[in-house]
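Here are the chains, one letter per residue:
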Amino acid sequence: MMRGGPLRAASRKWRIGRAPACGNFDAIRCPVHSCGHRQGCLKIPKVGADHESKSFELAPATPTAWWQRVQGMLGAVAFHSRGVTSPRPVLCVGLKSSASTWVFNVVVEILRASRGDISQMSRTVSPGAAFEPGGVMSFYSDAIEAFPEGAEHAGYLVIKTHKPARSLRYLAGAGGAKVLISVREPRDAVASLMQRFDLPFETVLRDFKLSAQHVIAIARGRPFLLLRYEDRFYENLEGVASVAKFLGVRLNRSKIELIARELSAEEIALKIEQLKADGVLGPRPDANEFDRRTHLHAGHLGDGSIGKHAALTLQQQDSVLLALRDFCRTFGYSARRAQHITPSDDH
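Residues numbered from 1 in each chain as written. Predicted model: local features only at pLDDT ≥ 70, side-chain atom pairs only at ≥ 80, totals over all residues. Heavy atoms only, no water.

## Structural notes on the overall build of the chain
Okay, so step 1: For the chain, the count of helices and strands is 10 helices and seven strands.
Okay, so step 2: When burial is assessed residue by residue, the chain has 51% of its 347 residues classed as buried.
Okay, so step 3: Relative to all contacts within the chain whose residues are 6 or more apart in sequence, the contacts with residues 24 or more apart total 65%.
Okay, so step 4: Of the roughly 17,300 Å² that the chain leaves accessible, carbon and sulfur atoms contribute 50%. (Helix = DSSP H or I, 4+ residues; strand = E, 2+ residues; numbered from the N terminus. Buried < 20%, exposed > 50% of the residue type's maximum accessible area, 1.4 Å probe, protein only. Contact = heavy atoms within 4.5 Å. Areas by Shrake-Rupley, 256 points an atom, 1.4 Å probe, with all protein chains shown as cover.)

If you want it as structure tokens, here you go:
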């Protein structure tokens, strides 16, 4: 678990239980807000066709409406009141191509195992299996406003996110959510996503730059479990055991071995083939097509190699390191190539 280091605690402009004058966390003064809205504002995600929030817009809202959203969040997923147990949130944060889906699924499997539930990675589980109140609810969301219906009835909320917005960062702080962050050498992560889904460099770089800013923001001022792709945590029992320990769940060795086996590359490959046969996934990799329960894609598995950035041009590598230099500094990656090569050397 990482504490301190290059990450410094962010200053709090207002305390839990007291709403800021304006719904925007950046605007503190009323009635004239720095955001330009006299009625208050709240950043609401516009969700695209896939499971990830594509962009954000400012949606006017009264301070009362904003505070109702905060109260709803606190009552639904953060605190205990009137003897009713609230869902316990776990945030699985990470860059794409950093084994973030493995982290998401291993958290789900650990929590399900702690309850005695059947593994959702099992190929015998029906894709339409219903959610049980008090159970483990897992989904992708970049903001609390996009949580699915019924989230307040879960025992655990396992939330995968690449771009955690302010509301999720607030949940991680005031709501006491457990936070796991998966990272990877940025150039390797960019190259992997381009190769697996045949995406253009400029599109991937823009997405990674935005994602990195959000990942850095949620890491500031709170404890989290850092999972570095280069340590190959997704290939061994120790990776599963470290996540279980961080979550405060005790599992015997046989259960840890079972979870590690079900999430091994070989088993995931078989699972993907079954999802294709069942018509859940198409035959070709598509970043917007995935299994709603496990978040597996047809192009999910790479070869796991380190140093994929060799497939990028030197100019592309420099562009990635420049765009994600703060990410590199925050999580201990070099923001410079090993050798300085002039642009004329890049053909």
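This is not the end of the story, as more comes after the structure.
## Comments concerning the sheet that holds strand β7 (residues 225-228)
Okay, so step 1: Spatial ordering of the open sheet is given by β4-β5-β3-β6-β7, a layout of five strands whose pairing is parallel. The sheet terminates laterally at β4 (136-140) and β7, the two strands that pair on one side only. Direction aside, the axes of adjacent strands within the sheet are offset by 15 degrees on average.
Okay, so step 2: The pairing of strand β3 (residues 88-94) with strand β6 (residues 178-183) spans five bridges and is parallel. Among the inter-strand pairings, Val-93 is bridged to a residue of β6, identified as Ile-181.
Okay, so step 3: This element, helix α2 (residues 100-115), spans β3, β4, β5 (156-161), β6 and β7 of the sheet and lies at about 175 degrees to β5.
Okay, so step 4: Its contacts with the sheet place helix α5 (residues 201-219) against β3 and β6, and it is angled at close to 135 degrees to β3. (Pairing = 2+ DSSP bridges. Axes fitted to C-alpha atoms, helices over the stretch in contact; angles between N-to-C directions.)

## Some thoughts on the nonpolar core
For soluble globular proteins, the rule of thumb is that nonpolar side chains tend to be buried together.
Okay, so step 1: With 42 residues, the main nonpolar core has Leu-91, Phe-147, Ile-181, Phe-327 and Phe-331 as its most contacted residues.
Okay, so step 2: For this core, the element with the most residues is α5, which contributes nine residues.
Okay, so step 3: Beyond its immediate sequence surroundings of up to four residues, Phe-331 is in contact with Ile-181, Val-183, Val-215, Ile-216, Ala-219, Phe-224, Leu-226 and Arg-228.
Okay, so step 4: Core analysis: the next-biggest nonpolar cluster, separate from the first, contains 37 residues, Cys-92, Ile-110, Leu-111 and Tyr-234 among them. (Core = buried A, V, L, I, M, F, W, Y, C linked by side-chain atoms within 4.5 Å.)

## Structural notes on helix α7 (residues 253-262)
Okay, so step 1: Looking only at α7, the buried set comprises Ile-256, Ile-259, Ala-260 and Glu-262. Looking down the long axis of α7, one finds its buried residues gathered within 170 degrees of arc, a one-sided arrangement.
Okay, so step 2: In this structure, the buried residues of α7 make contact with α2, α6 (237-247) and α8 (265-277). (Arc of directions from axis to C-beta.)

## Section: the pattern of salt bridges
Side chains that differ in sign of charge can pair as their charged atoms come close.
Okay, so step 1: For the structure shown, the criterion picks out seven salt bridges.
Okay, so step 2: In this structure, Arg-329 and Asp-326 form a salt bridge, with 2.3 Å as the shortest nitrogen-oxygen distance. In this pair, Arg-329 and Asp-326 both sit in helix α10 (residues 325-331), three residues apart, roughly one turn of the helix.
Okay, so step 3: For Arg-329, a relative accessible area of 53% gives the class exposed.
Okay, so step 4: Given the relative accessible area of 41%, Asp-326 is considered partly exposed. (Salt bridge = Lys/Arg side-chain N within 4 Å of Asp/Glu carboxyl O.)

## Section: unusual backbone geometry
Okay, so step 1: Despite not being glycine, Ser-97 shows a phi value in the positive range, around 70 degrees.
Okay, so step 2: Looking at the element boundaries, Ser-97 is found in the loop between β3 and α2.
Okay, so step 3: At Arg-232, a residue that is not glycine, the phi angle is positive and equals roughly 55 degrees.
Okay, so step 4: With respect to the element layout, Arg-232 can be found in the loop between β7 and α6.

## Some remarks on the packing of α2 against α7
Okay, so step 1: In contact at an axis separation of 10 Å, α2 and α7 are set at 145 degrees when each is read in the N-to-C sense. Between α2 and α7 the crossing geometry is right-handed. Taking contact as the criterion, the partners of Val-106, Glu-109, Ile-110 and Ala-113 in α2 are, on α7, Lys-255, Ile-259 and Glu-262.
Okay, so step 2: Grouping the amino acids of the contact of α2 with α7 by side-chain chemistry returns four nonpolar, no polar and three charged. (Left-handed = near helix turned anticlockwise from the far one by under 90°. Nonpolar A, V, L, I, M, F, W, Y, C, P; charged D, E, K, R; others polar.)

## Overview of the confidence of the model for the chain
Okay, so step 1: Confidence in the prediction for the chain averages 74 pLDDT; 67% of positions are at 70 or higher.
Okay, so step 2: Ranking the helices and strands of the chain by mean pLDDT puts β7 first, with 97, and strand β1 (residues 41-47) last, with 31.
Okay, so step 3: Of the regions scoring below 50 in pLDDT, residues 123-129 engages in 11 contacts with residues more than four places distant in sequence or in other chains. (pLDDT = per-residue confidence, 0-100.)

## Concerning helix α3 (residues 166-173)
Okay, so step 1: Of all eight residues making up α3, six are buried, and the element is well covered by its neighbours.
Okay, so step 2: Listed as buried for α3 are Ser-167, Leu-168, Arg-169, Tyr-170, Leu-171 and Ala-172.

## Overview of the environment of Pro-87
Okay, so step 1: Its location among the elements puts Pro-87 in the loop between α1 (63-78) and β3.
Okay, so step 2: Using a relative accessible area of 3% as the deciding quantity, one classes Pro-87 as buried.
Okay, so step 3: For the pair Pro-87 and Ala-151, spaced 64 residues apart in the sequence, the C-alpha separation amounts to 7.8 Å.

## Overview of the pairing of β7
Okay, so step 1: By the alternation rule, side chains of β7 split into Leu-225 and Leu-227, which are all buried, and Leu-226 and Arg-228, of which none is buried.
Okay, so step 2: Pairing geometry for β6 and β7, over four bridges, is parallel. Following the sheet pairing, Ser-182 is matched in β7 by Leu-227.

## Focus on the packing of helix α4 (residues 186-197) against α5
Okay, so step 1: Viewed as axis vectors pointing N to C, α4 and α5 meet at an angle of 130 degrees, and their least axial separation amounts to 10 Å. The orientation of α4 relative to α5 falls into the category oblique. Crossing of α4 against α5: the hand is right-handed. Facing α4, whose interface residues are Ala-189, Val-190, Leu-193 and Met-194, α5 presents Phe-201, Val-204 and Phe-208.
Okay, so step 2: When its residues are assigned to classes, the contact of α4 with α5 shows seven nonpolar, no polar and no charged. (Parallel < 35°, antiparallel > 145°, perpendicular 65-115°, else oblique.)

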